[in-house]
Amino acid sequence: MNRWYIKSLAICTGLMLIILAASCRKDFDYEPDSGNLSFSKDTVFLDTIFTNIGSATYTLKVYNKGVRDILVPFIGLETGQNSSYRLNVDGLAGKEFTDIPLLAKDSLFVFIETTYDVAPTNQSEFLYTENLLFGTGPNTQNVPLVTLVKDAVFLYPATQSDGTKETLVVGQDSDGNDIRVEGFYLETEQLLFTKEKPYVVYGYAAVPDGNTLNVQAGARVHFHNNSGLIVESGASLHVNGSLSEDQELLENEVIFEGDRLEPAYAKEPGQWGTVWIKSGSTNNHLEHLTLKNATLGLRVEGEAPWDTPTLTLRNSQIYNSLNHNLWATSARILAENTVLGGAGGYSFLGHVGGRYQFTHCTLANYWSNGFRTGTALALDNFEGSTTMDLEQADFINCIVDGSMSVEFSLQADARSAFNFSFRNCLLQFNSSDNSFENDPLYNFGDADRYIDVIFDSDTDFFLPFDNQFHIGSNSFAIDAADPDIAPPIPMDIRGTDRLPNPDIGAYEFVPKN
């Protein structure tokens, strides 16, 4: 064998042995931590949680910026095993850890969670704070942990003797079998929601036939995933919000939203189910309601004849629904000063006929959470072979707008009536393919259907992709509404006087100081 080959082989073997020996060493020299750790945050705020509901997981990064490998003698919570905080330090779960190595110029992750019972404090809100400690003795460093814990009224289905949850029948499938969801009927003493504590609903809470759920001004109702509210036939929902002094705090507004209170969830659609007003329910009144981040915001089923409104909606906002914000089927709806914002489907879908009157409303779909399947407004009078009269669909002093070139859809079956009109409205319609040219529903010269309408003009919304639809000084909606409407609506959704020259939409323009 070539002697140079043998020599090279010997050298390589020696190098490999050296490398393997180094990699297997367990006797690194660590210096004691001298209190010079650095942290990614001075304080870890775990945001707001409900009592006895776990928080999200928060991250703290710990840095050794020195040139020596160190050993952190202690990482743990100030109250030790009694703490309501939980830690995970570089993959190890617990509340106290000793002799944690940290190499020079390296870092480690600490993950933090909490679940806290506020009841022993006798407070409706409690600021839970504790220090996360690093090191011992005079070299101890600390990072405060801060969590706001809220007490709440929890509503949920009972657990039955076989361990299953109580259910409600919500319909039948094609074979006539019951379709059930986890849910329960509200008891008589549960039919008043106040503002004293937030409500947290698990499953579907149903208002029984012959009863009315009243929700007081300032109430906050939070729904868990796959949860919501059902208003049965013969029942009603009255949301009695009122105008708020503080338009940021909205202290008198009623708010329906999910039960995750962390800022990361503030604009996350699809966090909970829906508010479902079933066929046979009438006399529903929603005033100063903000409904957001649902899977389907408001589902309204009605039936002819439409002598009594199924739903009256005033000074309210529905936005950021994963599917539709307001889906009505054969219903009668009166809406005033209402905003139907961004949705993954339609902002408003009037399906299989009905009667609708929208006055001073803003329907604007600037969906920013992926592909959108619907327009801001859609009307039809059929489903499959079934048709029903669209007896009335009047839009007065309304904005219909969005991020697409055409933001309203009209589909009619000639076997049933299809009556609609737009008066003093601002409509987004900019079709470039002539696909609507021969459709009489889009004959904008029809003076019975399109009266003083402004097409494809700037609304100058403030932050439309954030569902903030008050208008700016360049809006074509300014002073363009019809002032002679009955009944008059003298104030906008924020309580601003809109007379004598009202603006189109739910918001009156307010000049900046």
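Residues numbered from 1 in each chain as written. Predicted model: local features only at pLDDT ≥ 70, side-chain atom pairs only at ≥ 80, totals over all residues. Heavy atoms only, no water.

Engineer: Got a minute to help me understand the overall build of the protein chain in this structure?
Structural biologist: In terms of regular secondary structure, the protein chain is built from one helix and 44 strands. Its C-alpha atoms give the protein chain a radius of gyration of 30 Å, clearly above 24 Å, the size a compact globule of 513 residues would have. Expressed as lengths along the three principal axes of its C-alpha atoms, the size of the protein chain is roughly 100 × 65 × 65 Å. Long-range contacts, defined as pairs at least 24 residues apart, comprise 65% of the intrachain contacts of the protein chain with a sequence gap of at least 6. Taken as a whole, the protein chain presents about 24400 Å² of accessible surface, with 50% of it coming from carbon and sulfur. Side chains of the protein chain give 32 positive and 67 negative charges; the mean places of these two sets differ by 10 Å. (Helix = DSSP H or I, 4+ residues; strand = E, 2+ residues; numbered from the N terminus. Rg over C-alpha atoms; globule rule 2.2 N^0.38 Å. Contact = heavy atoms within 4.5 Å. Areas by Shrake-Rupley, 256 points an atom, 1.4 Å probe, with all protein chains shown as cover. Lys, Arg positive; Asp, Glu negative; His and termini not counted. Charge placed at Lys NZ, Arg CZ, Asp CG, Glu CD.)

Engineer: Explain the sheet that holds strand β7 (residues 92-94) here, please?
Structural biologist: Across a sheet, strands are paired by hydrogen bonds formed along the backbone, either parallel or antiparallel in direction. Reading across the sheet, the five strands line up as β2-β4-β9-β6-β7 and stay open at both edges, with antiparallel pairing between neighbours. The open sheet is flanked by β2 (38-39) and β7, the only strands paired with a single partner. One ladder, built from seven bridges, connects strand β4 (residues 58-64) with strand β9 (residues 106-114); its direction is antiparallel. Counted as the bridge partner of Leu60 is Val110 from β9. (Pairing = 2+ DSSP bridges.)

Engineer: Quick question: what am I supposed to make of the sheet that holds strand β37 (residues 399-402) here?
Structural biologist: Pairing within the open sheet is parallel, and its eleven strands lie in the order β12-β16-β19-β22-β25-β28-β30-β32-β37-β40-β42. Among the strands making up the open sheet, the edge pair consists of β12 (153-155) and β42 (454-455). Bridge count for strand β19 (residues 220-223) against strand β22 (residues 254-258) is four bridges, and the pairing is parallel. By the bridge assignment for β22, Val221 is matched with Phe256.

Engineer: Explain the nonpolar core here, please?
Structural biologist: A general feature of soluble globular proteins is that nonpolar side chains tend to end up buried together. Judged by nonpolar contacts, the single largest core of 65 residues is most densely connected at Phe256, Phe348, Phe358, Leu379, Phe395, Phe408 and Phe422. In this structure, Leu46, Val72, Val89 and Ile112 belong to the second largest nonpolar core, which totals 29 residues. (Core = buried A, V, L, I, M, F, W, Y, C linked by side-chain atoms within 4.5 Å. Buried < 20%, exposed > 50% of the residue type's maximum accessible area, 1.4 Å probe, protein only.)

Engineer: Explanation requested: the side chain of Thr362 in the structure shown.
Structural biologist: Among the secondary structure elements, Thr362 is positioned in strand β32 (residues 362-365). Among the residues examined, Thr362 registers a relative accessible area of 1% and is labelled buried. Of note is the side chain of Thr362, whose polar atom sits 3.0 Å from the backbone nitrogen of Ala506. (Polar contact = N/O pair within 3.5 Å; in protein donor to acceptor, adjacent residues only side chain to side chain.)

Engineer: What should I look at first to understand the state of the cysteines in this one?
Structural biologist: When the sulfur atoms of two cysteines share a covalent bond, that bond is a disulfide. Overall, the coordinates contain zero disulfides when judged by the stated rule. Summary of cysteine pairing: Cys361 is not part of a disulfide, and the nearest cysteine sulfur, belonging to Cys398, is at 4.7 Å. The class of Cys361 is buried, set by a relative accessible area of 1%. Classification of Cys398 as buried rests on a relative accessible area of 0%. (Disulfide = S-S within 2.5 Å.)

Engineer: Before we go on, may I ask you to explain unusual backbone geometry in this structure?
Structural biologist: With glycine set apart, most residues show a phi of negative sign, and most peptide bonds adopt trans. Cis rather than trans, the peptide bond between Ala486 and Pro487 has omega equal to -5°. Cis geometry is found at the peptide bond from Leu499 to Pro500, where omega equals 10°. Locating Pro500 in the fold gives a position in the segment after β44 (468-471). Although it is not a glycine, Asp99 sits at a positive phi angle of roughly 50°. With respect to the helices and strands, the residue Asp99 is situated in strand β8 (residues 96-102). Assessed through its relative accessible area of 47%, Asp99 is described here as partly exposed. Positive phi outside glycine occurs at Ser330, with the angle close to 50°. Counting through the fold element by element, Ser330 comes out in strand β29 (residues 326-336).

Engineer: Looking at this structure, how should I read the environment of Gly505?
Structural biologist: Position of Gly505 among the secondary structure elements: in the segment after β44. For the pair Gly505 and Thr194, spaced 311 residues apart in sequence, the C-alpha separation works out to 31 Å. Beyond its immediate chain neighbours, meaning those up to four positions away, Gly505 contacts His360, Cys361, Thr362, Asn397, Cys398, Ile399 and Arg498.

Engineer: What is the right way to read the confidence of the model for the protein chain from this model?
Structural biologist: Low pLDDT marks regions whose predicted coordinates should not be analysed in detail. Across the protein chain, the average pLDDT comes to 93, with 94% of residues at or above 70. This stretch, residues 17-27, has a pLDDT under 50; its non-local contacts, to residues over four places away or in other chains, come to zero contacts. (pLDDT = per-residue confidence, 0-100.)

Engineer: Would you take a moment to explain the environment of Ile75 for this structure?
Structural biologist: Looking at where Ile75 falls in the secondary structure, it is placed in strand β5 (residues 70-77). For Ile75 and Gly35, which are 40 residues apart along the polypeptide, the C-alpha to C-alpha distance reads 12 Å. Setting aside chain neighbours within four positions, we find Ile75 in contact with Val89, Lys95, Glu96, Phe97, Ile100, Leu132, Leu133 and Phe134.

Engineer: It is not clear to me how the packing of aromatic side chains should be interpreted in this structure. Could you clarify?
Structural biologist: The final tally for this structure, using the stated rule, is 31 aromatic pairs. Judged by centre distance (5.2 Å) and plane angle (70°), the ring pair of Phe429 and Phe436 falls under edge-to-face. On the basis of an interplanar angle of 40° and a centroid distance of 4.4 Å, the ring pair of Phe444 and Phe455 is categorised as tilted. Placement of the pair is Phe444 in the loop between β40 (426-427) and β41 (450-451) and Phe455 in strand β42, with a sequence separation of eleven residues. Phe444 gets classed as partly exposed once you look at its relative accessible area, which sits at 29%. Overall, the relative accessible area of 26% leaves Phe455 in the partly exposed class. The aromatic ring of Trp327 is capped on one face by Arg299, whose charged end is 3.8 Å from the ring centroid. (Phe/Tyr/Trp six-rings, centres within 6.5 Å; stacked < 30°, edge-to-face > 60°. Lys NZ or Arg CZ within 6 Å of the ring centre and 35° of its normal.)

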